[in-house]
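# Structural characterization, general
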Amino acid sequence: MYKIKDRMTTPIKVLKEEKTNVNGRVGISHKESSDELIWCIWKSYGGTESVIDGLSVYKDTATIECRFTPNINQNDIIENLITNTKYKIITVPDDINQLHQFLRFKVERLTP
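Figured I'd write up the structure that's included with this text. The structure displayed is predicted, hence computed values, not measured ones.

Next up on the list: the pattern of salt bridges. Summed over the entire model, instances satisfying the criterion amount to four salt bridges. For the salt bridge of D60 with R109, the shortest nitrogen-to-oxygen distance reads 3.7 Å. Of this pair, D60 sits in the loop between β5 (55-59) and β6 (61-67) while R109 sits in strand β10 (residues 102-109), and the two are 49 residues apart along the sequence. What makes R109 partly exposed here is its relative accessible area of 40%.

And the structure:
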């Protein structure tokens, strides 16, 4: 059985993806869900460095572990309420050991 080793000290909020049809084009927006605060373990590890078109690019990434909730999807935006920054989910949220107790996923910071 999986046990979390750290305390969940970071509050986050989930912004749900909403698709609308405007003049024949699909518009995507993110609206705050009615869900309450989700407490999680936020591990940033200093980000990820990669090379794109010969340029060194730094991506601010983090790994999040939280209690299981079926409301978190890969298309959602996560808002860190301590730093007031928004992150997009870049991996499919993993239900650890398929026990519906904990989720783990990776996020990348959105540029303002």
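Additional details are given in the paragraphs that follow.
Turning our attention to the environment of R104. With respect to the helices and strands, the residue R104 is situated in strand β10. Given the relative accessible area of 29%, R104 is considered partly exposed. Considering only alpha carbons, one finds R104 and E65, 39 residues apart in sequence, at a separation of 4.5 Å. In this view, R104 contacts Y2, T63, I64, E65, V92, P93, D94 and I96; residues no more than four positions away in its chain are not counted.

Moving on, we get to the side chain of E65. Position of E65 relative to the elements: it lies in strand β6. Its relative accessible area of 10% is what places E65 among the buried residues. At 2.9 Å, the side chain of E65 and the side chain of Y2 are in polar contact. If near-sequence neighbours (up to four positions away) are discounted, E65 is found in contact with Y2, I4, C40, I41, L103 and R104.

The rules behind each value
Residues numbered from 1 in each chain as written. Predicted model: local features only at pLDDT ≥ 70, side-chain atom pairs only at ≥ 80, totals over all residues. Heavy atoms only, no water. Salt bridge = Lys/Arg side-chain N within 4 Å of Asp/Glu carboxyl O. Helix = DSSP H or I, 4+ residues; strand = E, 2+ residues; numbered from the N terminus. Buried < 20%, exposed > 50% of the residue type's maximum accessible area, 1.4 Å probe, protein only. Contact = heavy atoms within 4.5 Å. Polar contact = N/O pair within 3.5 Å; in protein donor to acceptor, adjacent residues only side chain to side chain.

By themselves, these are just geometric observations and shouldn't be taken as functional.
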